[in-house]
Amino acid sequence: VITRPEMEIGRYHWMYRSSRPHRYHHVPGLRGNISPLGIQGCFECCIKCLGGVPYASLVATILCFSGVALFCGCGHVALTGTVSILEQHFSTTASDHALLSEVIQLMQYVIYGIASFFFLYGIILLAEGFYTTSAVKELHGEFKTTACGRCISGMFVFLTYVLGVAWLGVFGFSAVPVFMFYNIWSTCEVIKSLQTNVTVPGDQICVDIRQYGIIPWNAVPGKACGPILENICNTNEFYMSYHLFIVACAGAGATVIALIHFLMILSSNWAYLKDASKMQAYQDIKAKEEQELQDIQSRSKEQLNSYT
């Protein structure tokens, strides 16, 4: 016996032959943190960008820029003040300090070149850090490291090592004027402390710049004693030059630390790229073997089908 509900269902299917039971289709899962519209949000984009930043290279670049800027800027102004002090108090004849003036002027031009070179070199090393970070992040993806990229990374390691050794010499050389100005300043402090002691005259305490070899022995006056030396220490040129040489020396030290930091980063990056190249070679061999296996299986199926 066909009941009325069954008759209604049959009539419904007869009237709507194209009707089928509703099926839920599987919706593929969203890859990553992507909105339903397929567009990443601001937060997800920022996290992705921050994940690819080479923070170690960024810190080393900032330290390198700061150290070079301090050394070049303060050193340039301090050298100008040194020439002014020599011309006014220790070498009144222009011919006596002409060679020194030319050397200082040449050093100032060298400072311009150093600042320009390290500005470009720091940017290049930072870009190389971004490149290597991308290579490590996409080690199992479609990123391909080349022999040229690994060779460039190795060249940067060698060049940074040479620059680090050179800057060790610059750091030692920048300590020489600090030592000279410290001797002059300490002598002035001794003269001030002896003003209360009448038995020891301050005129006998002198500083002879000629003994440092920066001006010839026939330079006039060549030395300063007593109250004259004390007045030199109280001038703005001496005060500024002394402290600027200290800051320049500290900047050279910061640059040495930054180059050592860069050397460690570049060495580890080069090792990562070397491992990445080995991994790529392994993946290529594995993909080739899988392709050959699939070809063998497809040929065997074709032969089996031909027999049947």
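Residues numbered from 1 in each chain as written. Predicted model: local features only at pLDDT ≥ 70, side-chain atom pairs only at ≥ 80, totals over all residues. Heavy atoms only, no water.

Attention now moves to the pattern of salt bridges. Applying the stated rule across the entire model yields two salt bridges. A salt bridge links Lys 192 to Glu 189; the nearest nitrogen and oxygen atoms lie 3.9 Å apart. Taken together, the positions of Lys 192 and Glu 189, both in helix α5 (residues 147–193) and three residues apart, correspond to about one turn of that helix. Among the residues examined, Glu 189 registers a relative accessible area of 32% and is labelled partly exposed. (Salt bridge = Lys/Arg side-chain N within 4 Å of Asp/Glu carboxyl O. Helix = DSSP H or I, 4+ residues; strand = E, 2+ residues; numbered from the N terminus. Buried < 20%, exposed > 50% of the residue type's maximum accessible area, 1.4 Å probe, protein only.)

Ranked by internal contacts, the top residues of the largest apolar core, which has 51 residues, are Val 68, Phe 90, Phe 118, Trp 167, Ile 184, Ile 209 and Leu 229. Top element by residues in this core is helix α7 (residues 236–307). It accounts for 13 residues. With sequence-adjacent residues up to four places away left out, Val 68 is seen in contact with Ile 114, Ala 115, Phe 118, Trp 167 and Thr 255. (Core = buried A, V, L, I, M, F, W, Y, C linked by side-chain atoms within 4.5 Å. Contact = heavy atoms within 4.5 Å.)

Moving on: the state of the cysteines. Summed over all chains, the structure comprises two disulfides. Note on cysteine connectivity: Cys 188 is disulfide-linked to Cys 233, with sulfurs 1.7 Å apart. Between Cys 188 and Cys 233 the sulfur-sulfur dihedral comes to about 60°; the bridge is accordingly right-handed. Pair noted here: Cys 188 is in helix α5 and Cys 233 is in helix α6 (residues 226–233), with a separation of 45 residues, a long-range link. Judged by relative accessible area, which is 12%, Cys 233 ranks as buried. Between Cys 206 and Cys 225 runs a disulfide, and the two sulfur atoms are separated by 1.8 Å. The disulfide joining Cys 206 to Cys 225 has a torsion of about 110° about its S-S bond and is therefore right-handed. With Cys 206 in strand β1 (residues 206–208) and Cys 225 in strand β2 (residues 223–225), the pair connects residues that are 19 residues apart, well separated along the chain. Using a relative accessible area of 33% as the deciding quantity, one classes Cys 206 as partly exposed. For Cys 225, a relative accessible area of 21% corresponds to the partly exposed category. (Disulfide = S-S within 2.5 Å.)

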